[in-house]
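# Descriptive analysis of the structure
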Amino acid sequence: MKILVIGSGGREHALAWKLAASPRVQRVYVAPGNGGTARDRRMVNVAVSGNEALADFAVAEGIALTVVGPEAPLAAGVVDAFRARGLRIFGPTKAAAQLESSKDFAKAFMKRHGIPTADYGTFTDAAAARAYVDARGAPIVIKADGLAAGKGVVVASSVAEAHAAIDSMLVDNRMGAAGARVVIEDFLEGEEASFIVMSDGRNALALATSQDHKRLRDGDEGPNTGGMGAYSPAPVVTPELHARVLREIIQPTIDGMAADGIVYTGFLYAGLMIGRDGRPRTLEFNCRMGDPETQPILMRMKSDLLGLIEHALAGTLDRAEVGWDRRTALGVVIAAAGYPDEPRKGDAIERLPADTEDCVVFHAGTQLRDGKLVTSGGRVLCVTALGDSVHLAQKRAYEAIAQVRFDGMQFRRDIGHRALKSRG
Ligand code: AMP
Ligand code: GLY
């Protein structure tokens, strides 16, 4: 069977890697892919983009199933385009992807269906937004309504900072159309966790729990990024909390979407804040898997991902079973010089360790140029290792990283620190 994976990041390399391991998969095409997928003999990069061109490619190549990695093609309706042509594709439709592509849509949806989340207001008028902030006080969170590649959220610790964020989005149009409308929500305290499921429109199958590290520097300092590392499982998600998240957040979301006439199929990612009271609240929805959460999650997945996706497409996820490696998986992102503001491209990458059973280097911003690997994006690699404890997984990942060389490489040295604190 031939599979197509859409995207070019570490998440897509991990999806292609896992799908290629299925005994029924002959080849995985990746559009457009990266240097890592280019080097793997089971994968083929294809320079195709745009809904119709991708669907044309799927028809011409006889692709049996397409899996979409990132949010942008989902929000652009790639699933609708494939389905209109009778092609099998796993992901939410454009309407369903609004859970991620419009924060206002997501907040209104959650309020309507009683799904726990922070109180909020939505504004297009700066004066009204400022007045709302003045009335609520700080800390407070300002979010661009649309897709902003992880840069649309400002956690303001003062009213002045909140005003500045409002002005930058609504007056100076710094985020373009994505920031022409803002959601302002109460600041929530607690610990974050990523909760990712597969949905067939009716049933949810929870994937292993995970947690990522969004800040650039050690100790969770510095600017927000797409994620500098992640691990699975996330000890913060106890079995009780797991059941609660499914009952109070995930299932009501899938049911609520269906009740609203927008059946949700695909991966669904709820970004959670676990309060001191133990109550999970939703910070955001993503209509895809997380990057870099996917890398450690798929390293631990023992089941055939293709079989799970087939269950999801058939509406039989309630009958699917998924097995997980008991070990911890931990992935450390190595980013390019200048990330996240202005990542430098074209640095030669050297001394990549060979993949082993318990350590895999997933590529993101890499490219093969004349047979040589060079950097081509902000997050370059995600070195992901398995170990019998968080500590051992961490040790193995950092040993592998110690070999890698490219100019300006930056990575955090403390990925997994919260899990280490809770159980070592
Ligand atoms: P989002 O893209 O909505 O998940 O926001 C990005 C990051 O901003 C989250 O991972 C949190 O660290 C932080 N954040 C978002 N919303 C809130 C909130 N209501 N309270 C506290 N922190 C938040
Ligand atoms: N790592 C966060 C995300 O994928 O949205």
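Let me sum up the structure you'll find in this document. Note that the coordinates shown come from a computational prediction; the quantities given were computed from them, not determined experimentally. (Residues numbered from 1 in each chain as written. Chains lettered and ligands numbered in written order. Predicted model: local features only at pLDDT ≥ 70, side-chain atom pairs only at ≥ 80, totals over all residues. Heavy atoms only, no water.)

### Here's the deal with the pattern of salt bridges
Using the following cut-off: We define a salt bridge as a side-chain nitrogen of Lys or Arg found within 4 Å of a carboxyl oxygen belonging to Asp or Glu. Under the scheme used here, helices are H or I runs from DSSP no shorter than 4 residues and strands are E runs no shorter than 2 residues, and both carry numbers assigned from the N terminus. The buried label goes to any residue with under 20% of its type's maximum accessible area, the exposed label to any with over 50%, and the partly exposed label to all in between, with areas taken from a 1.4 Å probe on protein chains only.
Within this structure, the stated rule accounts for 31 salt bridges. Across the pair E185 and K107 runs a salt bridge whose closest N-O atoms are separated by 2.6 Å. Placement of E185 in strand β9 (residues 182–186) and of K107 in helix α7 (residues 103–112) is noted, with a sequence separation of 78 residues between them. A single burial state applies to E185 and to K107, both of which are buried. One salt bridge in this structure joins K111 and D119, with 2.9 Å as the shortest N-O distance. Among the ionic contacts, a cluster of salt bridges with common partners joins D220, R412, D414 and R418.

### A word on the layout of surface pockets
The following threshold applies: In the cavity and pocket records, a cavity denotes points on a 1 Å grid over the protein atoms alone where a 1.4 Å probe fits but cannot get out, a pocket denotes an open set with protein on both sides within 12 Å along at least 5 of 7 lines, and lining residues are residues with an atom within 4 Å of a point. Grid points are joined across faces, edges and corners, and a volume is the space filled by probe spheres set on the points. Residue classes follow a fixed rule: Ala, Val, Leu, Ile, Met, Phe, Trp, Tyr, Cys and Pro count as nonpolar, while Asp, Glu, Lys and Arg count as charged, and any other residue, Gly among them, counts as polar.
In this structure, the second largest pocket spans a volume of roughly 210 Å³. For the second largest pocket, the lining is made up of 15 residues, of which W17, K18, M299, M301 and E357 are closest to its centre. Here the lining of the second largest pocket is built from residues that sort into seven nonpolar, one polar and seven charged.

### Remarks on the packing of helix α8 (residues 126–136) against helix α9 (residues 159–171)
Keep this limit in mind: Only C-alpha atoms enter the line fits that serve as axes; for helices the fit covers just the stretch in contact. Angles between N-to-C directions range over 0 to 180 degrees. The scheme is simple: roughly parallel for angles under 35 degrees, roughly antiparallel for over 145, roughly perpendicular for 65 to 115, oblique for anything else. Should the near helix be turned anticlockwise from the far one by less than a right angle, the crossing is left-handed, and should it be turned clockwise, the crossing is right-handed. When checking whether two residues touch, look at their non-hydrogen atoms; a contact exists if any pair is within 4.5 Å.
Where α8 meets α9, the axes come as close as 10 Å, and the angle between the chain directions of the two elements is 160°. Relative to α9, α8 is oriented roughly antiparallel. Here α8 and α9 pass one another in a crossing that is right-handed. For the pair formed by α8 and α9, the contact residues are A126, A129, R130, V133 and D134 on the first element and V159, A162, H163, I166, D167, L170 and V171 on the second. A class-by-class count of the residues in the contact of α8 with α9 yields eight nonpolar, one polar and three charged.

### Regarding the sheet that holds strand β12 (residues 211–212)
Short version of the rule: Pairs of strands are assigned from DSSP output, requiring at least two bridges between the strands.
Spatial strand order, β12-β15-β18-β22-β19: five strands in an open sheet with antiparallel pairing. Each end of this open sheet is capped by a strand with a single partner; those strands are β12 and β19 (359–363). In this sheet, strand β18 (residues 328–335) lies alongside strand β15 (residues 229–232) in antiparallel orientation, the contact comprising four bridges. Across the sheet, residue A230 finds its bridge partner in β18, namely G331. Along the sheet face, helix α13 (residues 390–403) touches β18, β19 and β22 (379–387) and points at about 135° away from the line of β22.

### Side note on a nonpolar patch on the surface
Spelled out, the test is: The patches reported here contain residues having more than 30% relative accessible area and no salt bridge. Joining distances are 9 Å for like charges and 5 Å for nonpolar side chains (Val, Leu, Ile, Met, Phe, Trp, Tyr). Throughout, the Shrake-Rupley method with a 1.4 Å probe supplies accessible areas, and for residues the shown protein chains are the sole cover considered.
On the surface, a nonpolar cluster with roughly 220 Å² of combined accessible area is contributed by V153, V155 and F187. Note on placement: F187 falls in the loop between β9 and β10 (191–200).

### A look at the site of ligand 1
Cut-off, in case you're wondering: Nearness of a residue to a molecule or strand requires only that one of the residue's heavy atoms be within 4 Å of it. Two N or O atoms count as a polar contact when they lie within 3.5 Å, although within protein this holds only if one can serve as hydrogen donor and the other as acceptor, and sequence-adjacent residues are included solely when both atoms are side-chain atoms.
As a matter of local geometry, ligand 1 sits amid 14 residues, with K143, E185, L188, E192 and E284 nearest to it. In this structure, D186 approaches ligand 1 through a main-chain N or O atom, which is 2.9 Å from a nitrogen atom. Note that a nitrogen atom of ligand 1 is positioned 2.8 Å from one of the backbone N or O atoms of L188. For ligand 1, whose unbound accessible area comes to 470 Å², protein coverage reaches 90%. Residue assignment for the shell around ligand 1 shows that the elements contributing at least two residues are β7 (140–144), β8 (153–156), β9 and β17 (280–286).

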